[in-house]
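These are the residues of each chain, in order.
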Amino acid sequence: MSSLSEEHHTPVRTFLIAYIRGYTRFTEEYGDEASARLTAKFSDIVREGVQVRGGTLIEIRGDEALAVFDSARQAIRSAVDLQSQFAEETDPDSDLPLRVGIGIDSGEAIKLEDGAFRGAALNIAARLCALAHGGEIIVSDGTSHLAGRLPGLRYIDRGRAHLKGIADTVRLIRVAPEEEPSQKWIFMVFGRPRSLGWPVFLGVVLIAAATAAAVVYLTSGSKGEPSSGATGSQPGTSTEPAPGSVQEAAAGDIMALIPASLRKACVKQSVPDIGAVATAVCLPPSGATGFYPDRWQVSTYPSGAAVRAAYHTERRRQKLGRNSGKCNSLSWGGESAWAHGPGKPGGRRLCYFDGDDAVIVWTHERLGQPNHRDILAIAREGGSDHVRLIGWWTYAHHLIGKVG
């Protein structure tokens, strides 16, 4: 039970939650000894990184860590330090792939006698952490405002999302180094090194944007919803429009390649994937009935050669041979061509498990068809639910990538 004084005067604290992406699948593939090494390294890095920035480590539970800071600025700085250290440790030791997502929120929280905390800020930080891809930091709008401008860092507005268990929508802000290349491979939102099974963000990182990606709810069970209105952004923040009602799309716009029935909660990113002309990220519409992937995205490319190169980069990264395995309700893990029908080629597709998520990547190529465009798309569904994901894809992939 909390003290009376604590109830009446509760300071604003900033909570940081870090989670190793794909830990469960890593343990299944490499065993308990390897997973113990992974979590030990994770624990060492987090303990030192939190302490250096004046934070308090509340708890480490294997693949997840919770820390609290009196300063939002120091919490964000700590997160950046941690991601840098995770990257350094992962590069030389591929057996310990520390692909970690970090979520941060600030608010009043009651400290209990056992040292634990209770408050909405912890719940939001947990949801933001579930959203964050490996190598990514997602903070709430409130935390970014508390911290203000931080030299060497920039805030990227990813729009609003309805997080599971949270009544109001939350504006998502990704924290990135100023020197980060302006075009990151958003595959990071969906991709993973073979040894871990989750999104990659560093190296040939495929960013969301998400997510993600980037970026929006992935594994927390959140579903996106339209923005309630314009929100002022703080200086140094690059903005993207929040998902809203269905909009008319110009013929040359990437949104025109997404059927109106599917683009209700799609947002065109201000920075496309590397090599792409434009990228749009989509969430489940608020109040939608029926199935929608937790997150999916579409990128247009300048030519068929460019989109094929992007696709085969991901295929090789997943170590999938051409025309191998299967992508269906019974088997998930393979690569093959797909067609609109006899004599009507469409493109190629591959599928794999990324941690606890089912992922499908596909191309929809122009191939001389005037109303088709060269695109690469990625969809992700949590809970390894490839059965519903392949059902959605079977219908949607014929429509996405065509104009008119």
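None of the values given here were measured: they were computed from a predicted structure.

Peer 1: Whenever I open this one, the packing of aromatic side chains confuses me. Can you help?
Peer 2: The description of an aromatic ring pair uses the distance of the two centres, along with the angle that the planes make with each other. Throughout the structure, instances matching the rule amount to six aromatic pairs. Where F42 meets F86, the ring centres are 5.8 Å apart and the plane angle is 20°; that geometry is what we call stacked. Taken together, the residues F42 in helix α2 (residues 23–52) and F86 in helix α3 (residues 72–90) connect sequence positions 44 residues apart. Both residues of the pair, F42 and F86, count as buried. Three or more aromatic residues joined by ring pairs make a cluster, and in this case those are W296, W338, W362, W392 and W393.

Peer 1: Looking at this model, I keep getting lost on the packing of α2 against α3. Mind explaining?
Peer 2: Each pair of packed helices can be summarised by the angle the axes make with each other and by the distance between the axes. Two elements in contact, α2 and α3, have axes whose closest approach is 9 Å; the angle formed by their N-to-C orientations is 145°. The crossing of α2 and α3 is right-handed. Seen from α2, the contacting residues are K41, F42, I45, V46, G49 and V50; seen from α3, they are S78, L82, Q85, F86 and E89. Counted by class, the contact of α2 with α3 contains six nonpolar, three polar and two charged residues.

Peer 1: Whenever I open this one, the nonpolar core confuses me. Can you help?
Peer 2: Nonpolar side chains in soluble globular proteins generally cluster together in the buried interior. Judged by nonpolar contacts, the single largest core of 33 residues is most densely connected at F42, I76, I102 and I104. Here this core gets eight residues from one element, more than from any other, and that element is α2. Once you skip the residues sitting within four places of it in the chain, F42 turns out to touch A18, I20, G62, D63, E64, A65, F86, L98 and V100. Counting 30 residues, the second-largest nonpolar core is a separate cluster that includes A278, I375, A377 and L389.

Procedures and definitions
Residues numbered from 1 in each chain as written. Predicted model: local features only at pLDDT ≥ 70, side-chain atom pairs only at ≥ 80, totals over all residues. Heavy atoms only, no water. Phe/Tyr/Trp six-rings, centres within 6.5 Å; stacked < 30°, edge-to-face > 60°. Helix = DSSP H or I, 4+ residues; strand = E, 2+ residues; numbered from the N terminus. Buried < 20%, exposed > 50% of the residue type's maximum accessible area, 1.4 Å probe, protein only. Axes fitted to C-alpha atoms, helices over the stretch in contact; angles between N-to-C directions. Left-handed = near helix turned anticlockwise from the far one by under 90°. Contact = heavy atoms within 4.5 Å. Nonpolar A, V, L, I, M, F, W, Y, C, P; charged D, E, K, R; others polar. Core = buried A, V, L, I, M, F, W, Y, C linked by side-chain atoms within 4.5 Å.

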